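The primary structure of each chain is shown beneath.
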4 protein chains.
Amino acid sequence: MIIELKNVEDANKVMEQANAKKLEHVFQHNNRVGFVDQNALGDVPFEIDNVEQVITEHPAAIQASRLFHPENTVIKTEHSVIGDGGFALIAGPDSIESAEHVLLMGKDVQESGATLLRGGSFKPRTNPYSFQGLGEEGLKWHREAADKLGMDMVTEIMDTRDLEMIDKYTDMFQIGTRNMQNFALLKAVGKTNKPVVLKRGMSATIDDLLNASEYIAAGGNHQIILMERGIRTFDNKYTRNTFDVSAIPVLKDLTHYPVIGDPSHAAGVTKFVEPIGLAAAAAGADGLMVEIHNHPKEAFVDGKQALTPAQFDHLAKVATDIHNLVKEEK
Amino acid sequence: MIIELKNVEDANKVMEQANAKKLEHVFQHNNRVGFVDQNALGDVPFEIDNVEQVITEHPAAIQASRLFHPENTVIKTEHSVIGDGGFALIAGPDSIESAEHVLLMGKDVQESGATLLRGGSFKPRTNPYSFQGLGEEGLKWHREAADKLGMDMVTEIMDTRDLEMIDKYTDMFQIGTRNMQNFALLKAVGKTNKPVVLKRGMSATIDDLLNASEYIAAGGNHQIILMERGIRTFDNKYTRNTFDVSAIPVLKDLTHYPVIGDPSHAAGVTKFVEPIGLAAAAAGADGLMVEIHNHPKEAFVDGKQALTPAQFDHLAKVATDIHNLVKEEK
Amino acid sequence: MIIELKNVEDANKVMEQANAKKLEHVFQHNNRVGFVDQNALGDVPFEIDNVEQVITEHPAAIQASRLFHPENTVIKTEHSVIGDGGFALIAGPDSIESAEHVLLMGKDVQESGATLLRGGSFKPRTNPYSFQGLGEEGLKWHREAADKLGMDMVTEIMDTRDLEMIDKYTDMFQIGTRNMQNFALLKAVGKTNKPVVLKRGMSATIDDLLNASEYIAAGGNHQIILMERGIRTFDNKYTRNTFDVSAIPVLKDLTHYPVIGDPSHAAGVTKFVEPIGLAAAAAGADGLMVEIHNHPKEAFVDGKQALTPAQFDHLAKVATDIHNLVKEEK
Amino acid sequence: MIIELKNVEDANKVMEQANAKKLEHVFQHNNRVGFVDQNALGDVPFEIDNVEQVITEHPAAIQASRLFHPENTVIKTEHSVIGDGGFALIAGPDSIESAEHVLLMGKDVQESGATLLRGGSFKPRTNPYSFQGLGEEGLKWHREAADKLGMDMVTEIMDTRDLEMIDKYTDMFQIGTRNMQNFALLKAVGKTNKPVVLKRGMSATIDDLLNASEYIAAGGNHQIILMERGIRTFDNKYTRNTFDVSAIPVLKDLTHYPVIGDPSHAAGVTKFVEPIGLAAAAAGADGLMVEIHNHPKEAFVDGKQALTPAQFDHLAKVATDIHNLVKEEK
């Protein structure tokens, strides 16, 4: 149940009483209070004044819901803003390959407007004998490049035991598609105070994704960015996954978190990355995460889907134009 | 096998010899000849001169392939052109309800730029007790409205036995998603000389769709428009189907037929029709087919997904702008 | 709404009154009456006496529902019984190839217990250039073989225009997976008095299948056999489709029609046909339809999934044993 | 590449040389040697004598492959054997609820033939506010019950940081469906010497599952049991997941690890657990894992799908009978 109170002070009072009664799973956002375990005013063991509205039909992921938190969440890092109506660009190589390479790639994408530099040092590979990432050395090079360029660093975490180490380097955590329901990991990043990019699982429903985000929020971290990256369907002959473009407006409707698209993993091949990225922009995404490489054929991982810096430059420009066009004509 | 000859005359000669030898399934497009049953020059029982190129890796749907027919197919009807680089708008009510209603809806969508008036008189309903369409009376009213407005009429055919009757009225046939592999029906419209809008089946792969189109082409009718309308996946809580936006660039890459999007059936609810329609435009669609209704709640069928004329007007404008923006920046 | 009356006479009276009032979509089964358009006793424009029970939560496919028709439907043909607790075996070649071949195959499967001889003379092929079946000549040979052997003939119909012709030959119609929602075809076989084997569509939900059956029932034909044959999912590398084994107990729970399994099309390769067939038997199927061929590599169609007669003999024996074991231990 | 040598000594020699040359990812099983990074004899930097066969077409998960390890892997624990041709029964409550309850449940399932007692103390719940398991206290009660009864304990691990603690209690680790590609966790259990039950991910392909098992094997732990538990498809109205019954024979064909079925999570409702379990047995499973509860309505988690002890007893008996019947008639 979500209760809208007349004003924030009323909500503060409700929280005080809830805490006094040691109620669990009660959350406040401005003048709204969300109760996970109470479904009617009568279930609450104290009186509540100045109730404007009681909302009983809401998603299980109560803190993620717009009914609890109507206005957009805006994520701010040193060099970037996501979710404020602008169009954020996160780009970089799939894997960190060397200090020079990540710096070069960072320079290129920065020139095209990217403010966040992505790159994997811990790689979730289907097969154990594939390259698994450079580990901490990669993180260092990644950090150095971001610092030199004045960009934010985004990197994937795969193991709760790595949290402290990765936290020393990165500005933003990324949770990969195969770990979207790795609840231990979600809880761990939920205890940090850094933004988390949460990729939708390959077969995760919209509700699954919101519930996964709620694991992070339940830990106290509300800096969450949701990412659509393609789902698994019956047809993957020409693209690696099926980019679920309608997930973008659906999520924007249900939740206040920013929503970005990853056209690279959805496409799986370079030539379809741009049209998917443009579609994401047209559908209302707050930004894109794109993999690039200057020599795709020599990339350590996923070269087949990497854009060259020039291709990324074109995508970045047109996607931003579409984003602005849709915004203006609203 | 597809053979590219030096010039059209060489291809003409190949066809003459193929006909003389009574080879089946041999097709010509300009200076190209496609052989379904022969996979190497040595399989052909005659000499071929001036061969420029032999292509052996191509889709089974040979006539649909860009390797056989590199340039875009452009469909022209009295009032419309589809596939020439413009953005075609097909709109109208889900079902024909009355002479007045289809005329009114036609007027509205025409003002927003639509040149093709859609509407169903034979409705493929999941349940036999649901409204099945008005039949021939609906066709008449639909025809009258199209004539009065100077629009092209598009309507669905569901039964081979109705071909002659529907052919008397319509300018363009539509094959619905549930009939995409109704091969008897595909063969039947393949014998007509009218354009066919072929909707992708709910669980049809890209190859299935191209093969379905080949049934029409095999009958001699090459005026085919392919339509993405959403596929069936594991998540249909918030949208009725999953709009497979990447199918648009994939199809544009593989085939020369125009590709349009149907955001209405993909969304299933009004509020997601526009973002899906815009995404389709951004991904390279040649147009949209959209369901509208002036009083969605009173619509005979599928009112939940109908746009009002004003909503359609906005979608039409922004989608066309996106289409033009993407084209200009190419 | 389904109403259970005290006895059949009471239900007869209700039907008389419904007919007098010209109510549409009202059906009787023994002492039960199903109303499609009325959802409460108050919606019915006459008094009803001796009401035992009013059921308002039931599937849209009212005649298919066990709530309307609690006991099993048993299908009887000259040589076979399906749905009476026995285990029916339908077998034969994918396609009719010659008079001799279908007779030989029929003999073989009859020796293994099959009483129904399947075989296609009209083949639904993905690509138009593939073998489309022998047409009426195939039907004749199929009929002759069935007559000589004292078996029932089952064959697929794909076009409403073929109904009269196929009806002259066959004992049982089959509707293929791609035509499960070819509503014109369902209506057409619904007007005949012959049993119909309705294959589940590749992406049809259980409800879709029941609604498809209702199109047949709505025409007055209640001799319906439902068939699970594998659905389309994200993984088809090792089997052609995913045999949805739980569809069998689900359907047996929801509907009174017999349910059989087609392990051949689900498997797509010979070696997995038997385990899938045995699983279907264990899950409660009323029988199996299996494709066989004496020289699988030379089969006109789908040789890769054909069992040899000896392999079918083994499957038939073990599946029947499992069926009996499960029945005895109930 | 997999090389079959004349005898084990030859294979031993190959391994010595590979080690001397510091080749990575080379594995031996009896007289076979698998090379991950070398695809032809010429790629190996030393001479190999007595080569019987070179296999270059094999799955990426080389150690899982029957081509590398032809005979069945048999898993032996103190009280159980899995994969030796018998039918293993793993049963118990979804969650550990109390010391008394798990003991009572254990007694019941042991009487029905189960030798492994399952139960979750760490629960992977979709929503963070749901009951997350009793943690270490649950493990203790679980261990006590197993010891008192002379059964093996199986429990789920969700976090690499819990490994040492859970390892103190359990006889067998379970990796849940949402963690099937939690590669850090797979590596962690791969370093232990206890059997691991690896549940197929909800949208994992067969190859994904084998690759996940390879992460465990790569760590040196070859005691792996694969589990089919239902996949995510377009239809989950009547069952929670789609039990992919053909995955069982497919896996038995591809890999030497035992394969068991979990009908409880596939069904999601009690009434379909038995037919799915029987189907798994008929399809060749080496055993079943089943959730039971004496008062399903009061179960902490997933009571809707729990069998009562009496229902389990019936399933256990019939499934074992089917297993034996299929084995005998082979």
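Residues numbered from 1 in each chain as written. Chains lettered and ligands numbered in written order. Predicted model: local features only at pLDDT ≥ 70, side-chain atom pairs only at ≥ 80, totals over all residues. Heavy atoms only, no water.

The name an unreviewed UniProt entry gives chain A is 3-deoxy-7-phosphoheptulonate synthase, with Companilactobacillus ginsenosidimutans as the organism.

Visitor: Before we go on, may I ask you to explain the relation of the copies chain B and chain C in this structure?
Guide: Each of the two copies of the chain can be brought onto the other by a rotation about an axis and a shift along it. With an RMSD of 0.0 Å, the operation that places chain B on chain C is a rotation of 180° combined with a shift of 0.0 Å along the axis. Given the turn and translation reported, the copies of this chain are related as if by a two-fold rotation axis. Scanning chain B for the C-alpha nearest the rotation axis identifies Ser203(B), at a separation of 2.9 Å. Counting the interface residues of chain B, we find that 100% of their copies in chain C are interface residues as well, pointing to one common contact surface. (Least-squares fit on C-alpha atoms with pLDDT ≥ 70 in both. Contact = heavy atoms within 4.5 Å.)

Visitor: What exactly am I supposed to notice about the interface of chain B and chain C here?
Guide: Interfaces are often sized by the amount of accessible area the parts lose when they come together. Between chain B and chain C, the residue contacts involve 35 residues of the former and 35 residues of the latter. With both chains or domains summed, chain B and chain C bury close to 3,000 Å², and 52% of this area falls on carbon and sulfur atoms. Our count for the chain B to chain C interface comes out at two salt bridges. At the junction of chain B and chain C, the tally comes to 28 residue pairs in polar contact (both at pLDDT 80 or more). Residue contributions to the side of chain B that touches chain C peak at five residues, all from helix α6 (residues 206-218) of chain B. (Buried area = accessible area lost by both parts, 1.4 Å probe. Salt bridge = Lys/Arg side-chain N within 4 Å of Asp/Glu carboxyl O. Polar contact = N/O pair within 3.5 Å; in protein donor to acceptor, adjacent residues only side chain to side chain. Helix = DSSP H or I, 4+ residues; strand = E, 2+ residues; numbered from the N terminus.)

Visitor: Whenever I open this one, the relation of the copies chain B and chain A confuses me. Can you help?
Guide: Overlaying chain B on chain A yields an RMSD of 0.0 Å, the required transformation being a rotation through 180° with an accompanying axial translation of 0.0 Å. A high fraction, 100%, of the interface residues of chain B reappear at the interface in chain A, so the copies pair face to face through one surface.

Visitor: Even after reading the chapter, I still don't get unusual backbone geometry, so can you show me in this structure?
Guide: Note on backbone geometry: most residues besides glycine have negative phi, and most peptide bonds are trans. The phi dihedral of Asp302(A) falls on the positive side, at around 60°, and the residue is not glycine. As for its placement among the helices and strands, Asp302(A) is situated in the loop between β14 (287-291) and α10 (309-328). Its relative accessible area of 24% is what places Asp302(A) among the partly exposed residues. In this model, Asn30(D) sits at a positive phi of 50°, which is unusual for a non-glycine residue. Along the chain, Asn30(D) turns up in the loop between β2 (26-29) and β3 (32-35). By relative accessible area, Asn30(D) is classed as partly exposed at 41%. (Buried < 20%, exposed > 50% of the residue type's maximum accessible area, 1.4 Å probe, protein only.)

Visitor: Which parts of the structure should I look at to understand the UniProt feature "domain: DAHP synthetase I/KDSA" (unreviewed entry) in chain A?
Guide: In this structure's numbering, the residues bearing the UniProt feature "domain: DAHP synthetase I/KDSA" (unreviewed entry) are residues 75-327 of chain A. As annotated, residues 75-327 of chain A comprises 38% helix and 15% strand, and the C-alpha atoms at either end are separated by 19 Å. (UniProt positions renumbered as here; feature names shortened; annotations may be inferred.)

Visitor: What exactly am I supposed to notice about the environment of Thr270(D) here?
Guide: Residues and elements named next belong to chain D. Of note, Thr 270 is situated in the loop between α8 (263-267) and α9 (273-282). Taking C-alpha positions, Thr 270 is 8.7 Å from Gly 303, a pair spaced 33 residues apart along the chain. Not counting chain neighbours up to four residues away, the residues in contact with Thr 270 comprise Gly 303, Lys 304, Gln 305, Ala 306, Leu 307 and Gln 311. In this structure the side chain of Thr 270 is engaged in a polar contact, spanning 3.0 Å, whose partner is the backbone oxygen of Ala 306.

Visitor: Teacher, can you tell me more about the nonpolar core here?
Guide: A general feature of soluble globular proteins is that nonpolar side chains tend to end up buried together. In this structure, Ile322(A), Ile322(B), Ile322(C) and Ile322(D) are the most contacted members of the largest nonpolar core, which totals 309 residues. Those residues within four positions of Ile322(D) in sequence are excluded, and the remaining contacts are Ala282(C), Ile322(C), Leu325(C), Val326(C), Leu278(D), Ala281(D) and Ala282(D). (Core = buried A, V, L, I, M, F, W, Y, C linked by side-chain atoms within 4.5 Å.)

Visitor: How should the interface of chain B and chain A be read in this particular structure?
Guide: Opposite the 41 residues of chain B that make contact, chain A presents 41 residues. Counting every contact that joins chain B to chain A gives eight salt bridges. In this structure, the salt-bridge partner of Arg200(A) is Asp235(B), at a minimum N-O distance of 3.7 Å. Put simply, chain B and chain A have 12 residue pairs in polar contact (both at pLDDT 80 or more) between them. Within the residue set of the side of chain B that touches chain A, elements represented by two or more residues are α6, α7 (247-254), α9 (273-282) and α10 (309-328) of chain B. Counting residues per element, the side of chain B that touches chain A draws most heavily on α10(B), at seven residues.

Visitor: I keep staring at the domain arrangement of chain A and nothing clicks. Help me out?
Guide: One can read the domain layout of chain A as domain 1 (2-55) and domain 2 (75-328). Measuring from the centre of the C-alpha atoms in domain 1 of chain A to the corresponding centre in domain 2 of chain A gives 36 Å. (Domains from an automatic or database assignment.)

Visitor: What exactly am I supposed to notice about the packing of aromatic side chains here?
Guide: Each aromatic ring pair is summarised here by two numbers: the centre-to-centre distance and the angle between the ring planes. Applying the stated rule across the entire model yields 12 aromatic pairs over all chains. Seen from their ring centres, Phe183(A) and Tyr215(A) are 4.5 Å apart, and the 25° between their planes marks the pair as stacked. Here Phe183(A), found in helix α5 (residues 183-190), pairs with Tyr215(A), found in helix α6 (residues 206-218); they are 32 residues apart in sequence, far enough to count as distant. For Phe183(A), a relative accessible area of 1% translates into the label buried. When the centroid spacing of 5.5 Å and the interplanar angle of 40° are considered together, the rings of Phe27(B) and Tyr129(C) count as tilted. Placement of Phe27(B) in strand β2 (residues 26-29) and of Tyr129(C) in the loop between β8 (116-118) and α3 (136-149) is noted, with the two residues assigned to different chains. On the basis of relative accessible area, Phe27(B) is assigned to the buried category, the value being 15%. (Phe/Tyr/Trp six-rings, centres within 6.5 Å; stacked < 30°, edge-to-face > 60°.)

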